[in-house]
Amino acid sequence: MVFEVIEQEPSRGVVSRIDTEEGELSVDFDGREVTYGFAELDELVLAYATTIHKSQGSEYPAVVIPLSTQHYSMLERNLVYTGVTRSKRLVVLVGQRKALAIAVKGARARRRWSKLREWLAV
């Protein structure tokens, strides 16, 4: 398994237009539209996303895990571990080294407010 930390944003875009008459497809990369001929579509790679929770019990050839201090409450060791172990061959951690350090530093014990004790007492 290969691990790599990348501290830059990958280029990602959204298909904005398909012109079947001209044989072109346009992709919007953060406000910059790029047009590809149908013969050039092999330059694009489709991307799919799911949550770590929904991926439990599944495996994927490659996993990309975004880590950002802006999502502090999600930076937990068990979530990073679950995300990493979903991969068969490649894991890429994208984001801030500080966010990864926060996540692996320790398991923060949070009190759960499930009311399970009260429901079982009835």
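This is a predicted model, so every value here is computed, not measured.

Trainee: Before we go on, may I ask you to explain the overall build of the protein in this structure?
Mentor: Within the protein, the secondary structure is distributed over 4 helices and 6 strands. Here the protein, with 122 residues, has 23% of them falling under the buried criterion. Taking the contacts inside the protein whose residues are at least 6 apart along the sequence as the reference set, 57% of them involve residues at least 24 apart. Summing over all exposed atoms, the protein offers an accessible surface of approximately 10100 Å²; the carbon and sulfur share of this is 54%.

Trainee: Mind showing me how you'd approach the nonpolar core here?
Mentor: The tendency in soluble globular proteins is for nonpolar side chains to be buried as a group. Core analysis: the largest hydrophobic core is formed by 11 residues, namely V63, I65, L67, L75, V80, V84, V91, L93, A99, I102 and A103. Those residues in contact with I65 that lie beyond four places of it in its chain are V80, G83, V84, V91, V92, L93 and V94. Residues L25, V27, V34 and Y36 belong to the second largest nonpolar core, which totals 5 residues.

Trainee: In this structure, what is going on with a nonpolar patch on the surface? I would like to understand it.
Mentor: A cluster of nonpolar side chains, V15, I18, F38 and L41, forms an exposed patch at the surface whose accessible area comes to about 350 Å². Turning to its location among the elements, V15 is positioned in strand β2 (residues 14–19).

Trainee: I'm lost on the pattern of salt bridges in this one. Help?
Mentor: Any two side chains of opposite charge can pair, on the condition that their charged atoms come close. Taken as a whole and judged by the stated rule, the model has 1 salt bridge. For D19, the salt bridge goes to R17, with nearest N and O atoms at 3.7 Å. The partly exposed category is assigned to R17, whose relative accessible area is 34%.

Trainee: Help me understand the environment of R17 in this model?
Mentor: Within the fold, R17 resides in strand β2. Measuring from C-alpha to C-alpha, the distance between R17 and T35 comes to 8.8 Å, with 18 residues separating the pair along the chain. When near neighbours in sequence (up to four residues on either side) are disregarded, R17 contacts E24, L25, S26, E33 and T35.

Trainee: Quick question: what am I supposed to make of the sheet that holds strand β4 (residues 32–37) here?
Mentor: The pairing of strands in a sheet comes from backbone hydrogen bonds and takes either a parallel or an antiparallel form. Pairing is antiparallel in the open sheet, where 3 strands are placed in the order β2-β3-β4. In this open sheet, the two strands that pair with only one neighbour each are β2 and β4. Sheet twist, expressed as the mean angle between neighbouring strand axes with direction ignored, is 25°.

Trainee: What is the right way to read unusual backbone geometry from this model?
Mentor: Generally, phi is negative for residues other than glycine and the peptide bonds are trans, each holding for most cases. Of note in the backbone geometry, D30 takes a positive phi value of approximately 50° without being a glycine. Residue class for D30 comes out exposed when judged on its relative accessible area of 79%. For K115, which is not glycine, the phi dihedral falls at a positive 65°. Its location among the elements puts K115 in the loop between α3 (97–105) and α4 (116–121).

Trainee: Please explain the environment of V63 as it appears in this structure.
Mentor: Assignment of secondary structure puts V63 in strand β5 (residues 60–67). Sequence separation of V63 and T85 is 22 residues, and the distance between their C-alpha atoms is 9.1 Å. Setting aside its immediate chain neighbours within four residues, V63 contacts G83, R86, S87, L90, V91 and V92.

Trainee: Looking at this structure, how should I read the side chain of S26?
Mentor: As for its position among the elements, S26 is in strand β3 (residues 24–29). In this structure S26 touches V14, V15, S16, R17, E33, V34 and T35, once residues within four positions along its chain are discounted.

What counts as what
- Residues numbered from 1 in each chain as written.
- Predicted model: local features only at pLDDT ≥ 70, side-chain atom pairs only at ≥ 80, totals over all residues.
- Heavy atoms only, no water.
- Helix = DSSP H or I, 4+ residues; strand = E, 2+ residues; numbered from the N terminus.
- Buried < 20%, exposed > 50% of the residue type's maximum accessible area, 1.4 Å probe, protein only.
- Contact = heavy atoms within 4.5 Å.
- Areas by Shrake-Rupley, 256 points an atom, 1.4 Å probe, with all protein chains shown as cover.
- Core = buried A, V, L, I, M, F, W, Y, C linked by side-chain atoms within 4.5 Å.
- Patch = residues over 30% accessible without salt bridge, like charges linked within 9 Å, V, L, I, M, F, W, Y side chains within 5 Å.
- Salt bridge = Lys/Arg side-chain N within 4 Å of Asp/Glu carboxyl O.
- Pairing = 2+ DSSP bridges.
- Axes fitted to C-alpha atoms, helices over the stretch in contact; angles between N-to-C directions.

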